[in-house]
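# Reading the structure
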Amino acid sequence: MKEVKLVNKIKRLLRKVNIPRYLHRFGPKKFRTYILCLGLIIKQIYCLSYRRAMNFLDEYYEIDIHWTTLQKAAKRLPKSLWQSLLAATVDCQQVYLAAADGTGFSRSGPSQYYLKRIDRTYNIKKSIQTITIIDVKEKKFLSGNFFVKPHGEAKRIPALHKQSIAKPEVLLLDKGFDAEWLHKWLEEHGTFSIAPVRKNCRRGKHRKILRDCFDWYLYWQRNIVESLFSALKRLFGSTIKSQKSRMINAEMFCRLIAYNILTLITDFFYRALID
């Protein structure tokens, strides 16, 4: 029953954002868009390989698809499609309280203990920088972006704000996002940002307001974003298997979409039990 609910939810999300039935224009149109998205999302939900995801689709949905088709779909499906699907999992157009933060996902599987035992001398690959905006009340991901080369987190916020359909009225940030230009940009776009100022704050109109009148009670709700990161890593793992940037984006967006979908399904059954 849960698998049927999942496929119906993905079909509704694709219809909601007007994704065409087939993404390619030429060649034989064999697999619809929802089948490719379903296979990639199931791969992340159950932490499967491409071959096991192929077997899962064949056993539960009677979909005969080769594992290389899913692999090519992860490489070819555009980033805009995943962003649209993530935005479609959010029902509201306005969010009162949101929080933004960043975390990292490892690109290598071996543990530090194993690396020490084999006397690894060369540098370990840098982690994938993940920055998201979440809805504090509904505990959902509003938008996200992923970067192979980590950079300043504050510079990523304007793109995430534009990407999110539900615009937050108040955005909670940690001290690493304390920048007057960022507070000013968010204020111009209808969002009041709250972030602890650094020591000896002397410049900036918005930063002086936060320095003198800081709402700690509201700011303490920012730890919800840390809880969502923890849940994301416990559910789907803390490592990234893909190597190319487009496949990394597909893998991470599928995790955010899967988390929001599972939240919607859980809320639906919970409300049904209450009623």
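Since the structure is predicted, the reported quantities are computational estimates derived from the model, not experimental observations.

## Looking at the nonpolar core
Considering soluble globular proteins, one finds that nonpolar side chains tend to be buried as a cluster. Formed by 70 residues in total, the largest nonpolar core has its most connected members in Leu38, Leu40, Tyr61, Trp82 and Phe141. Residue contributions to this core peak at 11 residues, all from helix H12 (residues 245-274). When sequence neighbours within four positions are dropped, the list of residues in contact with Phe141 reads Leu86, Val90, Thr132, Ile133, Ile134, Leu228, Phe229, Leu232, Leu256, Tyr259 and Asn260. Of all hydrophobic cores here, the second largest spans 19 residues; its members include Ala100, Ile131, Ala154 and Ala195.

## A short note on the pairing of strand S1 (residues 94-105)
Extensive coverage of S1 is indicated by the burial of nine of its 12 residues. The pairing of S1 with strand S4 (residues 167-172) spans five bridges and is parallel. The residue of S4 that forms the bridge with Val95 is Pro168. Looking at chain direction, S1 and strand S2 (residues 128-135) are connected through eight bridges and run antiparallel. Within S2, the position partnered with Gly104 by the bridge is Gln129.

## Points about the pairing of strand S3 (residues 140-147)
Most of S3 sits out of view: eight of its eight residues are buried. Here S2 runs beside S3; their pairing, made up of seven bridges, is antiparallel. Directly across from Ile131, in S3, lies its bridge partner Asn145. Between S2 and the antiparallel strand that follows it, S3, lie four residues; Lys139 among them carries a positive phi value of about 60 degrees.

## Details of helix H9 (residues 205-212)
Those residues of H9 lying buried are His206, Arg207 and Leu210. For H9, the angular spread of the buried residues around the axis is 100 degrees, confining them to a single face. Pointing more than 90 degrees away from the buried face of H9 are the exposed residues Lys205 and Asp212.

## As for the environment of Ala231
Take Ala231: it is sitting in helix H11 (residues 223-236). On a C-alpha basis, the gap between Ala231 and Tyr259 in space is 8.9 Å, while along the polypeptide they are 28 residues apart.

## A look at a nonpolar patch on the surface
A surface patch of nonpolar side chains, amounting to about 450 Å² of accessible area, comprises Trp216, Tyr217 and Trp220. With respect to the helices and strands, the residue Trp220 is situated in the loop between helix H10 (216-219) and H11. The exposure class of Trp220 is exposed, given its relative accessible area of 56%.

What counts, and at which threshold
Residues numbered from 1 in each chain as written. Predicted model: local features only at pLDDT ≥ 70, side-chain atom pairs only at ≥ 80, totals over all residues. Heavy atoms only, no water. Core = buried A, V, L, I, M, F, W, Y, C linked by side-chain atoms within 4.5 Å. Buried < 20%, exposed > 50% of the residue type's maximum accessible area, 1.4 Å probe, protein only. Helix = DSSP H or I, 4+ residues; strand = E, 2+ residues; numbered from the N terminus. Contact = heavy atoms within 4.5 Å. Pairing = 2+ DSSP bridges. Arc of directions from axis to C-beta. Patch = residues over 30% accessible without salt bridge, like charges linked within 9 Å, V, L, I, M, F, W, Y side chains within 5 Å. Areas by Shrake-Rupley, 256 points an atom, 1.4 Å probe, with all protein chains shown as cover. Salt bridge = Lys/Arg side-chain N within 4 Å of Asp/Glu carboxyl O.

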